[in-house]
Amino acid sequence: MTTDKRANFGSKLGVILASAGSAVGLGNIWRFPYETGENGGAAFIIIYLGCVLLMGVPIMVAEFLIGRRSRANTAGAYQRLAPGTPWKWVGRMGVLAGFLILSYYTVVAGWTLEFIYEAATNSFADKNAEGFIAAFDSFVANPWRPLIWLVAFMLMTHFIIVKGVEKGIEKSAKIMMPALFILLIILAICSISLPGSSAGINFLFKPDFSQINSNTFLSAMGQAFFSLSLGMGCLCTYASYFKNDTPLSKVALNVATIDTLVAILAGIIIFPAAFSVGIKPDAGPSLLFITLPNVFQQAFGSIPLLAITLSIMFYVLLAVAALTSTISLHEVVTAYLHEEFSMTRKKAACIVTTSCIILGVFCSLSLGVGKEYTLFGMTLFDLFDYVTAKLMMPIGGFLIAIFTGWYLDRKIVWEEITNQGKLKPIIFKTLVFLLKYFSPIAILLIFIHELGLL
Ligand code: PHE
């Protein structure tokens, strides 16, 4: 393993932004609204917030701790902290999860490029809600177009990964994240001011607990893990580049807050607009892509130049948010191959890129020409999403909680959380309690509940 010359993030802000860059992405702006829509709205969001605070934050601290202490890729991290034990499989499962997520996530990331193109060629003009739905359906069913964007997106990720940690990841996150935030606020205001938008606000903020079923909990937990990039070693890999004085729990809290704010903002954009133009909130993965053009069209349609400029800006920023996430996914697998099989970073990155493109092509086709081929009643795309977000990531989170709460020497946990006693240990006890008892039990209960045994 090559650990002596490992890179570091340049600044504290860089650390937060790069981790937030991994967390904030399509998971917040694309996946959160459609999961909320499919699971009945506000009641789902309440459970989601509970998962973020009580499982997400402590498990994020645990991942940070494992990564910084070991200064290795996720699989190597467990080998260092628990040599000769099966714990290394937690890291390996994370690498596999990262690989699978990258393969289908890049498909959707590719869609954002298509929408930049459509925005730039003014093809949103004169369409109504049905028009946007029809256009999206025909785009996804096209056997070539989504594939070209998929390859383009994967290559962009590849080149940033090859350039290395600090220059690539940190720089792009620093400029684009704040810009995305500002644009989201502008769009949220526009969406709320559309006629008939109040039904969307009610859907988002007035809980109807009769909507909750066994699936709601698994979906909310899966969404929390997915959105925070947890349970698969991504933040662990990033933390291996953290400096020794980085305050882990503070960074975790900041990242979770930013991530949640972006998701809620995305909800405030999507639902008022969807209700306003009559799109059903349970439209599934297409929800963002069929709803948002309506906002640009309705709010700015009378000033075409403004509509074009704002929509291009939005899709560019969405693409960048997705890019900071694909980079982090790619980095997990690349760092693993590079350090564990002592191959050059470049070669490792090439292997990851090529194999993810191949799998991604199948995922993409499974939404169009290959729709009728299903496994367990799901398309390949849905299957990858289900297996990673609803199974592998929560299981990974469960094991990480057990590892830090029960296995790891308490002194190590204390040293990392308090930076060798330099930080006040107020939250130390709470974190250990959540990791030791609350998170593992809650995750188990949710799985048992899903299986119908509770
Ligand atoms: N958290 C990212 C998002 O919300 C997705 C992601 C998952 C990234 C897992 C890295 C690891 O878009």
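Refer to the preceding data block for the structure.
A few points on the structure. Remember, it's a predicted structure, so these values are computed and weren't measured experimentally. (Residues numbered from 1 in each chain as written. Predicted model: local features only at pLDDT ≥ 70, side-chain atom pairs only at ≥ 80, totals over all residues. Heavy atoms only, no water.)

### Considering the overall build of the chain
Line of reasoning, step 1. Each helix and strand in the chain was counted, giving 18 helices and zero strands.
Line of reasoning, step 2. Whereas a compact globule of 454 residues would reach a radius of gyration of roughly 22 Å, the chain reaches 21 Å, a difference of no more than 12%.
Line of reasoning, step 3. Across the 454 residues of the chain, 60% fall into the buried class.
Line of reasoning, step 4. For the chain, the exposed surface amounts to about 17,500 Å²; the carbon and sulfur share of it is 68%.
Line of reasoning, step 5. Charge separation in the chain, taken as the distance between the mean sites of 31 positive and 25 negative side-chain charges, equals 12 Å. (Helix = DSSP H or I, 4+ residues; strand = E, 2+ residues; numbered from the N terminus. Rg over C-alpha atoms; globule rule 2.2 N^0.38 Å. Buried < 20%, exposed > 50% of the residue type's maximum accessible area, 1.4 Å probe, protein only. Areas by Shrake-Rupley, 256 points an atom, 1.4 Å probe, with all protein chains shown as cover. Lys, Arg positive; Asp, Glu negative; His and termini not counted. Charge placed at Lys NZ, Arg CZ, Asp CG, Glu CD.)

### A short note on the site of the ligand
Line of reasoning, step 1. Looking at the ligand, there are 16 residues lining it, with Ala23, Gly27, Tyr105, Phe226 and Ser229 nearest.
Line of reasoning, step 2. Here an oxygen atom of the ligand sits 3.1 Å away from a polar atom, N or O, in the main chain of leucine 26.
Line of reasoning, step 3. Take asparagine 28: an N or O atom from its side chain is 3.2 Å from an oxygen atom of the ligand.
Line of reasoning, step 4. For the ligand, whose unbound accessible area comes to 320 Å², protein coverage reaches 100%.
Line of reasoning, step 5. Residues belonging to the shell around the ligand are distributed by class as follows: eight nonpolar, eight polar and no charged. (Near = heavy atom within 4 Å. Polar contact = N/O pair within 3.5 Å; in protein donor to acceptor, adjacent residues only side chain to side chain. Nonpolar A, V, L, I, M, F, W, Y, C, P; charged D, E, K, R; others polar.)

### Observations concerning helix α4 (residues 74-81)
Line of reasoning, step 1. With six of its eight residues buried, α4 lies for the most part within the structure.
Line of reasoning, step 2. Packing partners of the buried residues in α4 comprise α3 (42-70), α5 (88-120), α11 (234-239), α14 (304-340) and α16 (380-407).
Line of reasoning, step 3. Its side-chain oxygen placed 3.0 Å from the backbone nitrogen of alanine 75, asparagine 73 serves as the N-cap of α4. (Contact = heavy atoms within 4.5 Å.)

### Remarks on the packing of helix α7 (residues 145-163) against helix α15 (residues 345-365)
Line of reasoning, step 1. Closest axis-to-axis distance for the α7/α15 pair is 10 Å, and the angle between their directions is 160°. Between α7 and α15, the interaxial angle falls into the category roughly antiparallel. Here α7 runs over α15; the crossing is right-handed. On α15, the residues touching Pro146, Leu147, Leu150, Val151, Met154, Leu155, His158, Ile161 and Val162 of α7 are Arg345, Lys346, Ala349, Cys350, Thr353, Cys356, Ile357, Gly360, Val361, Ser364 and Leu365.
Line of reasoning, step 2. Of the residues assigned to the contact of α7 with α15, the class counts are 14 nonpolar, four polar and two charged. (Axes fitted to C-alpha atoms, helices over the stretch in contact; angles between N-to-C directions. Parallel < 35°, antiparallel > 145°, perpendicular 65-115°, else oblique. Left-handed = near helix turned anticlockwise from the far one by under 90°.)

### Re the packing of aromatic side chains
Line of reasoning, step 1. Counted according to the given criterion, the structure contains 29 aromatic pairs.
Line of reasoning, step 2. Consider the rings of tyrosine 78 and phenylalanine 403, whose centres lie 5.0 Å apart with planes at 65°: the pair is edge-to-face. Here the residue tyrosine 78 occupies a position in helix α4, and phenylalanine 403 occupies one in helix α16, the gap between them amounting to 325 residues. Judged on exposure class, the residue tyrosine 78 and its partner phenylalanine 403 are both buried.
Line of reasoning, step 3. Between the aromatic rings of tryptophan 87 and phenylalanine 403, the centroid separation amounts to 4.9 Å while the plane-to-plane angle is 65°, which identifies the pairing as edge-to-face. Of this pair, tryptophan 87 sits in the loop between α4 and α5 while phenylalanine 403 sits in helix α16; the two residues are 316 residues apart in sequence, bridging distant segments of the chain.
Line of reasoning, step 4. When its relative accessible area of 15% is taken as the criterion, tryptophan 87 is described as buried.
Line of reasoning, step 5. Among the residues examined, phenylalanine 403 registers a relative accessible area of 0% and is labelled buried.
Line of reasoning, step 6. Above the ring of tryptophan 89, the side-chain terminus of arginine 92 is found at 4.6 Å from the ring centroid.
Line of reasoning, step 7. Above the face of the tryptophan 406 ring, lysine 436 is positioned so that its terminal group lies 4.4 Å from the ring centre. (Phe/Tyr/Trp six-rings, centres within 6.5 Å; stacked < 30°, edge-to-face > 60°. Lys NZ or Arg CZ within 6 Å of the ring centre and 35° of its normal.)

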